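Topology and contacts: notes
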Amino acid sequence: MTTAPAAAPSPAAGPSSQRAGGGTAAAPAPPGARPRRRPRAAGWLAVLPLIVFVLVVFGLPAFAIVTNAFKTSPGAPGGRHWTTDNLSQSVHGAYLTALWGSVKLSALTAAIGVLLGLPLAHAVVTSRFRALREGVLAASGVLANFGGVPLAFAFVATLGNSGELTRAFDLGKHGWSLYSFTGLTVVYLYFLVPLMVLTITPALDGLRSQLREAAQNNGATTRQYWLHVALPILAPSLIGGFVLLFGSAFAAYATAAAIVGSSVPLITLQIANALSGNVLAGQGNVALALSLDMIVIAGVVMALYIPLQRRSARWLH
């Protein structure tokens, strides 16, 4: 018995009949046709409130600071006009001393925060007790955001001239004073060390265990592993943590104002004095120039922080 040959599809059937068949490929798209793009209007509408919020909350104040820093005060002789005298005053005399004092305090506390936060975070990451890890990270999250007048009151009651620890250990006879540069350094470390723990813990979590195993298989000691493998890989994250701590200490105001007042020259305290007219009246635009100086320094700090974080991510993930 013979089988009749299958009928070939007629030309009139077209591409649709070929797609209906099981073994034929779909007809190619006509030349020059572009793939359809998904509409992005919904995405822009979702981001629009955030953009408006940033422009209103950050953009308008920044614009006011930049423009008014180059103008004279409203009551100045000759009326308001453009000038660079405000910026010139902000980098001379007591203002320059305060700016340099803030930079020194921020750099010192950030460096100590990195040195203390790294081993603490490493102990937490390598701990076998999950409750300890979660407890330390939760406490770090709280303490990193604890500042201002409540923190100042806590230290005054503990380490002030009549504080509990000051009297118990007679610290005053040993030269201790909370209301000094050293005392302010100790206070800043109270929230900077927890902040460093939160910052460096993800980097330590991402440090691959294969690197340590490979180093041990090649005869490296623990010290050699940290010096030649772990620390070079963690260096971008450590520098990024230092930058973040520097910025946090550089912008702090309420804690320093409540503890040291004007005894320690800081740029944030000088801005407050210029705005309130505690020293000289009509220095509001100089305060804006000082704020512009802070913005420039913070911008440089953040410009260093972002590429360092991207570089560390290539090794840790």
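To be clear, the structure that these remarks concern was listed above.
Reading guide: rules and limits
- Residues numbered from 1 in each chain as written.
- Predicted model: local features only at pLDDT ≥ 70, side-chain atom pairs only at ≥ 80, totals over all residues.
- Heavy atoms only, no water.
- 1 Å grid on protein atoms, 1.4 Å probe; cavity = no way out; pocket = protein on both sides within 12 Å on 5 of 7 lines; lining within 4 Å.
- Points joined across faces, edges and corners; volume = space filled by probe spheres on them.
- Helix = DSSP H or I, 4+ residues; strand = E, 2+ residues; numbered from the N terminus.
- Nonpolar A, V, L, I, M, F, W, Y, C, P; charged D, E, K, R; others polar.
- Core = buried A, V, L, I, M, F, W, Y, C linked by side-chain atoms within 4.5 Å.
- Buried < 20%, exposed > 50% of the residue type's maximum accessible area, 1.4 Å probe, protein only.
- Contact = heavy atoms within 4.5 Å.
- Arc of directions from axis to C-beta.
- Axes fitted to C-alpha atoms, helices over the stretch in contact; angles between N-to-C directions.
- Parallel < 35°, antiparallel > 145°, perpendicular 65-115°, else oblique.
- Left-handed = near helix turned anticlockwise from the far one by under 90°.
- Salt bridge = Lys/Arg side-chain N within 4 Å of Asp/Glu carboxyl O.

We now examine the layout of surface pockets. By volume, the largest pocket is sized at about 170 Å³. Around the largest pocket sit His-122, Val-125, Thr-126, Leu-204, Leu-207, Arg-208, Ser-209, Arg-212, Tyr-225 and Trp-226, which together line it. Looking at the lining of the largest pocket, the elements with two or more residues in it are α4 (93–125), α9 (209–217) and α10 (222–251).

Across all of its chains, the model carries one cavity of 30 Å³ or more by this definition. Of the pockets and cavities examined, the largest cavity occupies roughly 40 Å³. Every residue lining the largest cavity is listed: Ser-102, Leu-105, Ser-106, Tyr-188, Ala-249, Phe-250, Ala-252, Leu-266 and Thr-268. Mapped onto the lining of the largest cavity, the elements with two or more residues apiece are α4 and α10. At three residues, the largest contribution of residues to the lining of the largest cavity is made by α4. In terms of residue class, the lining of the largest cavity is made up of six nonpolar, three polar and no charged.

With that settled, the discussion passes to the nonpolar core. Judged by nonpolar contacts, the single largest core of 53 residues is most densely connected at Leu-184, Tyr-188, Ile-200 and Leu-266. Among the elements of the structure, α4, α6 (149–159), α8 (181–206), α10, α11 (254–259), α12 (267–276) and α13 (284–316) are those that each provide at least two residues to this core. Ignoring any residue separated from it by four or fewer positions in sequence, one finds Leu-184 in contact with Leu-105, Leu-178, Ala-256, Val-260, Val-264 and Leu-266.

Bringing α6 into the picture now. Taken as a whole, α6 has its buried residues at Leu-151, Ala-152, Phe-155 and Leu-159. The arc enclosing the buried residues of α6, seen along the axis, measures out at 100°, which places them on a common side. Exposed side chains of α6 directed beyond 90 degrees from the buried face belong to Val-149 and Phe-153. Those residues of α6 that are buried lie in contact with α7 (164–168), α8 and α11.

Right, let's talk about the packing of α4 against α10 for a bit. It is at 8 Å that the axes of α4 and α10 come closest, and there the two elements cross at 140°. In terms of orientation, α4 and α10 fall into the oblique class. In terms of crossing hand, the pair formed by α4 and α10 is right-handed. Counting all contacts with α4, which are made through Leu-99, Ser-102, Val-103, Ser-106, Ala-107, Thr-109, Ala-110, Ala-111, Gly-113, Val-114, Leu-118 and His-122, the residues of α10 involved are Trp-226, Leu-231, Leu-238, Gly-241, Phe-242, Leu-245, Phe-246, Ala-249 and Phe-250.

Opposite charge on two side chains permits them to pair, given that their charged atoms come into close proximity. Per the counting criterion, the structure on display carries four salt bridges. Between Arg-133 and Asp-205 there is a salt bridge, with its nearest N and O atoms 2.8 Å apart. Remark: Asp-205 occurs in helix α8 and Arg-133 occurs in helix α5 (residues 130–143); sequence separation between them is 72 residues. On the basis of relative accessibility, which here comes to 40%, the residue Asp-205 falls in the partly exposed class. The partner of Arg-167 in a salt bridge is Glu-164, and the shortest N-O contact between them spans 3.1 Å. Pair noted here: Arg-167 and Glu-164 are both in helix α7, with a separation of three residues, about one helical turn. Each member of the pair, Arg-167 together with Glu-164, is exposed.

The values are spatial; any link to function lies outside them.
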